[in-house]
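Coordinates in review
Chain residues, written in single-letter form:
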Amino acid sequence: MAVVSKLLSISSPSPQFRKPRSSFNFNPVTSASPFTEKHSIERYRRESTWLLSTNQLNRPVSFPPDSDPSSIRERDIALLLPELKRLLEVLREKRESGGGGAGGERGRGLGNVFLVGTGPGDPELLTVKAVRVIGSADLLLYDRLVSNEVLDLVGPEARLLYVGKTAGYHSRTQEEIHELLLSFAEAGATVVRLKGGDPLVFGRGGEEMDFLQQQGIEVQVIPGITAASGIAAELGIPLTHRGVANSVRFLTGHSRKGGKDPLFVAKNAADPDSTLVVYMGLSTLPSLAVKLINHGLPPDTPAAAVERGTTPQQRMVLAELKDLADEIALAELVSPTLIVIGKVVSLSPFWPHSSKEAPALVEAR
């Protein structure tokens, strides 16, 4: 099986992206989030600036007795993140000084919120509009799928806040993220919510957009290349192909309550003339594969699992559906991993010439 090689480079005058270091001699003990990229000292330093310390938590903060919801939000922000409280105060002062005496009136001086998709991982897949908005933001909330190269585009005066989620751990609840976006938009800030892939494909962008619009905040969505499209292109897999697959279906591998049994499996999901793309499906794949086969999908259906697709750390397993879960376990793939199931996978140049050949693990070096 061929080995994939990939160089991240982009010529001037476009933004200069730095290739992540393969390793570094550093072992944080008290630590940033558990999803800090192990190869990146830069990511650790960024996240460590937002770590809560005992001094910060004990720092006295005075508030007028007020039950107004915006005051409650600001109190929560101040107790957890004093630096953000100070930024809120600066933004409010700037808004009021330029508001002609009406800066505090609702509807005047409100900021904008941008939901920005950063694509599947390769920073060169960002849109031009996304690059422009990222560079002009006052506050950026980002998740664990946003690369260091994308964060390098953030302006020097902007503030970054990690709000990543994974199974079993949420650094911020979705409700807290909503309130942070709202509070800073009300203070007149340009707020950017960075999301891996596309904000409206399993990114909960629709929930954030709906919440903010109900509060009178303008929201603009800047689409990103969703993982299905970006990773399929990287592997040379056409998601649809005449005579092979006439449709494509995106599935989530997570049930709402975190269970191991996928909620979406139904008889029509096992269509051999369709392509299935499963997001966040590592833990539920064994159950999913069995159910698809029981519903009639051939056990020898070609399939691929791709970890960190389009990045220098990309690894992938190619196997028949009946063997895919076992081969993923042997390869020790970890999240984020995208799974593609369907006859189109056999059109990839990385697919073995014979379906009887042993599946192979392909690494990007």
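One finds V113, L141, L181, F184, V191 and L212 to be the most contacted residues of the largest nonpolar core, which totals 23 residues. Those elements that place two or more of their residues in this core are α4 (82-97), β1 (112-117), β2 (139-142), α7 (174-186) and α8 (205-214). Among the elements that take part in this core, α7 stands out by supplying six residues, more than any other. When near neighbours in sequence (up to four residues on either side) are disregarded, V191 contacts N112, V113, F114, L139, L141, L181, F184 and A185.

The next subject is the packing of aromatic side chains. Going through the model one piece at a time under the given rule, you end up with three aromatic pairs. Centre to centre, the rings of Y142 and Y162 are 5.5 Å apart; their planes meet at 70°, and the pair counts as edge-to-face. Placement of Y142 in strand β2 and of Y162 in strand β3 (residues 159-162) is noted, with a sequence separation of 20 residues between them. Residues Y142 and Y162 agree in their burial class; the two are buried.

For strand β10 (residues 302-307), the tally of buried residues reaches six of six residues, placing the bulk of the element in the interior. Side-chain alternation along β10 places P302, A304 and V306 on one buried face and A303, A305 and E307 on a second face that is also buried. The pairing of β10 with strand β11 (residues 315-320) spans six bridges and is antiparallel. Looking at the pairing, E307 lines up with R315 of β11. As defined by bridge partners, β10 adjoins strand β12 (residues 337-341) across five bridges and the pair is classed as antiparallel. Bridge pairing in β12 links E307 to T337.

Our next topic: the side chain of K195. Looking at the element boundaries, K195 is found in strand β6 (residues 190-195). You can call K195 buried: its relative accessible area is 2%. For K195, the side chain forms a polar contact with the main-chain oxygen of G203, separated by 2.6 Å. A distance of 3.2 Å separates polar atoms of two side chains, one belonging to K195 and the other to E208. With residues near it in sequence (within four places) discarded, K195 still touches V116, G117, T118, G119, D143, V146, G203, R204, G205 and E208.

What follows concerns unusual backbone geometry. Look at the link from S335 to P336: it is a cis peptide, with omega at 0°. Residue position: P336 is located in the loop between α11 (321-331) and β12. Located in the positive-phi region is F202, a residue other than glycine, with phi close to 55°.

A full pass over the atoms with the stated rule returns seven salt bridges. Here R193 makes a salt bridge to E208, at a shortest N to O gap of 3.3 Å. Remark: E208 occurs in helix α8 and R193 occurs in strand β6; sequence separation between them is 15 residues. Residues R193 and E208 agree in their burial class; the two are buried. As a salt-bridge pair, E207 and R204 come within 2.9 Å of each other at their nearest N and O atoms. Taking the relative accessible area as the measure of exposure, R204 reaches 37% and is therefore partly exposed. Shared partners join several salt bridges into a network, and the residues in it are R193, K195 and E208.

Another point: the sheet that holds strand β7 (residues 219-222). To summarise the sheet geometry, strands pair through backbone hydrogen bonds and adopt either a parallel or an antiparallel arrangement. Across the sheet, five strands lie side by side as β3-β2-β6-β1-β7; this open sheet has parallel pairing. For this open sheet the edge positions go to β3 and β7, each flanked by a neighbour on one side alone. Between one strand axis and the next, the sheet turns by 20° as a mean value, whatever way the strands run. In this fold helix α5 (residues 128-136) packs onto β1, β2, β6 and β7, with an angle of close to 135° to the strand it touches most, β1. On top of the sheet, α7 reaches β1, β2, β3 and β6; it is set at about 150° to β6, its chief contact.

Between helix α10 (residues 285-294) and α11, the least distance of the axes is 9 Å, while the angle of their chain directions is 170°. Here α10 lies roughly antiparallel to α11, going by the angle between them. For the pair α10 and α11, contact is made by L285, P286, A289, L292 and I293 and by L321, K322, L324, A325 and I328, respectively. Taken together, the residues that form the contact of α10 with α11 break down as nine nonpolar, no polar and one charged.

Procedures and definitions
- Residues numbered from 1 in each chain as written.
- Predicted model: local features only at pLDDT ≥ 70, side-chain atom pairs only at ≥ 80, totals over all residues.
- Heavy atoms only, no water.
- Core = buried A, V, L, I, M, F, W, Y, C linked by side-chain atoms within 4.5 Å.
- Buried < 20%, exposed > 50% of the residue type's maximum accessible area, 1.4 Å probe, protein only.
- Helix = DSSP H or I, 4+ residues; strand = E, 2+ residues; numbered from the N terminus.
- Contact = heavy atoms within 4.5 Å.
- Phe/Tyr/Trp six-rings, centres within 6.5 Å; stacked < 30°, edge-to-face > 60°.
- Pairing = 2+ DSSP bridges.
- Polar contact = N/O pair within 3.5 Å; in protein donor to acceptor, adjacent residues only side chain to side chain.
- Salt bridge = Lys/Arg side-chain N within 4 Å of Asp/Glu carboxyl O.
- Axes fitted to C-alpha atoms, helices over the stretch in contact; angles between N-to-C directions.
- Parallel < 35°, antiparallel > 145°, perpendicular 65-115°, else oblique.
- Nonpolar A, V, L, I, M, F, W, Y, C, P; charged D, E, K, R; others polar.

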